[in-house]
Amino acid sequence: MSRSASYSVLGDNDNGLRHVSDGEGKQAEMTWVLKRSVTDPDKFDKLKMIYGLAILFAIIAAFATKNLVLPVVCLVVLVASTYEFFGGRKFALTQTVAKSGPNEIAWGAVRSVHVRSEEIYLSPFSKESKLDAFRGVKLSIQNVSKENVLEFIREHVGQDVQFLGE
């Protein structure tokens, strides 16, 4: 029997949190998506205004220069830089790694877990470091249960991992 065939979805909720169980009833995976356009409506309104102004300036630049390349490039850069705001960021906790978008950290590399009100930070350092932002993984938990995420993390990290800020 293949490994993927033994997994089943335990449930989905309105926030996109998905629990997957292995054949033995143990939780094997958690995934969720955080969309800032939904959680931060004030920023969404500001971003709509910025998009409107950018489109207006692109039209003016296209007519003034009689060239479409620069305005189109500028609009592509704007859309690419704000994609995560609209499309969301995917977070996943699996048997082997924790993922936040393109960033991931193996459970064996986690030395400390920093628990904050709306995020959990998995760090490869035993104490807080200025390098945390570049080496660890930040899990935003605005729309999911902190207790469920912490329980999953405790099941997968080593015994010597420090939980800070609880």
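This structure is a prediction, so every number in the text was calculated from the model and none was measured. (Residues numbered from 1 in each chain as written. Predicted model: local features only at pLDDT ≥ 70, side-chain atom pairs only at ≥ 80, totals over all residues. Heavy atoms only, no water.)

Brief notes about helix α6 (residues 146-156)
Residues Val149, Leu150, Phe152, Ile153 and His156 constitute the buried set of α6. In a view along the axis of α6, the buried residues occupy a sector of 160°, so they form one face of it. (Buried < 20%, exposed > 50% of the residue type's maximum accessible area, 1.4 Å probe, protein only. Helix = DSSP H or I, 4+ residues; strand = E, 2+ residues; numbered from the N terminus. Arc of directions from axis to C-beta.)

A short note on the pattern of salt bridges
Taken as a whole, this structure holds three salt bridges when the rule is applied. In this structure, Lys48 and Asp45 form a salt bridge, with 3.6 Å as the shortest nitrogen-oxygen distance. Note that Lys48 and Asp45 are positioned in helix α2 (residues 41-65) at a spacing of three residues, about one turn of the helix. Note on Lys48: relative accessible area 47%, which makes it partly exposed. A single network of salt bridges, built from pairs that share partners, joins Arg116, Glu119 and Lys138. (Salt bridge = Lys/Arg side-chain N within 4 Å of Asp/Glu carboxyl O.)

Topic: the pairing of strand β7 (residues 112-115)
Side-chain alternation along β7 places Ser112 and His114 on one buried face and Val113 and Val115 on a second face that is also buried. Sheet topology note: the β7/strand β8 (residues 119-123) ladder contains four bridges and is antiparallel. By the bridge assignment for β8, Ser112 is matched with Ser123. Linking two consecutive strands that pair antiparallel, namely β7 and β8, is a turn of three residues. Across three bridges, the pairing between β7 and strand β10 (residues 162-164) is parallel. The residue bridging Ser112 from the neighbouring strand is Gln162, located in β10. (Pairing = 2+ DSSP bridges.)

A short note on the confidence of the model for the protein
The predicted model of the protein averages 77 in pLDDT, with 82% of residues at 70 or higher. The low-confidence segment residues 1-15, where pLDDT is below 50, has 25 contacts with residues more than four positions distant or belonging to other chains. (pLDDT = per-residue confidence, 0-100. Contact = heavy atoms within 4.5 Å.)

Re the packing of aromatic side chains
Per the counting criterion, the structure on display carries two aromatic pairs. Ring geometry for Trp32 and Phe91: centres 5.5 Å apart, planes at 20°, overall stacked. Here Phe91 lies in strand β4 (residues 89-93) and Trp32 lies in strand β3 (residues 27-34), a separation of 59 residues in the sequence. The class for Trp32 is buried, based on a relative accessible area of 0%. According to the relative accessible area criterion, Phe91 is buried, its value standing at 2%. Each ring, one from Trp107 and one from Phe152, has its centre 6.3 Å from the other, and the planes form 50°; the classification is tilted. Here Phe152 lies in helix α6 and Trp107 lies in the loop between β6 (103-106) and β7, a separation of 45 residues in the sequence. Directly above the aromatic system of Phe163 lies the positively charged group of Arg154, at a separation of 4.7 Å from the ring centroid. (Phe/Tyr/Trp six-rings, centres within 6.5 Å; stacked < 30°, edge-to-face > 60°. Lys NZ or Arg CZ within 6 Å of the ring centre and 35° of its normal.)

Some remarks on the side chain of Ser100
You can see Ser100 is positioned in strand β5 (residues 97-100). Taking relative accessible area as the criterion, Ser100 reaches 3% and is therefore assigned buried. A distance of 3.1 Å separates a polar side-chain atom of Ser100 from the backbone oxygen of Lys138. Excluding anything up to four places from it in sequence, Ser100 contacts Arg89, Lys90, Phe91, Val137, Lys138 and Leu139. (Polar contact = N/O pair within 3.5 Å; in protein donor to acceptor, adjacent residues only side chain to side chain.)

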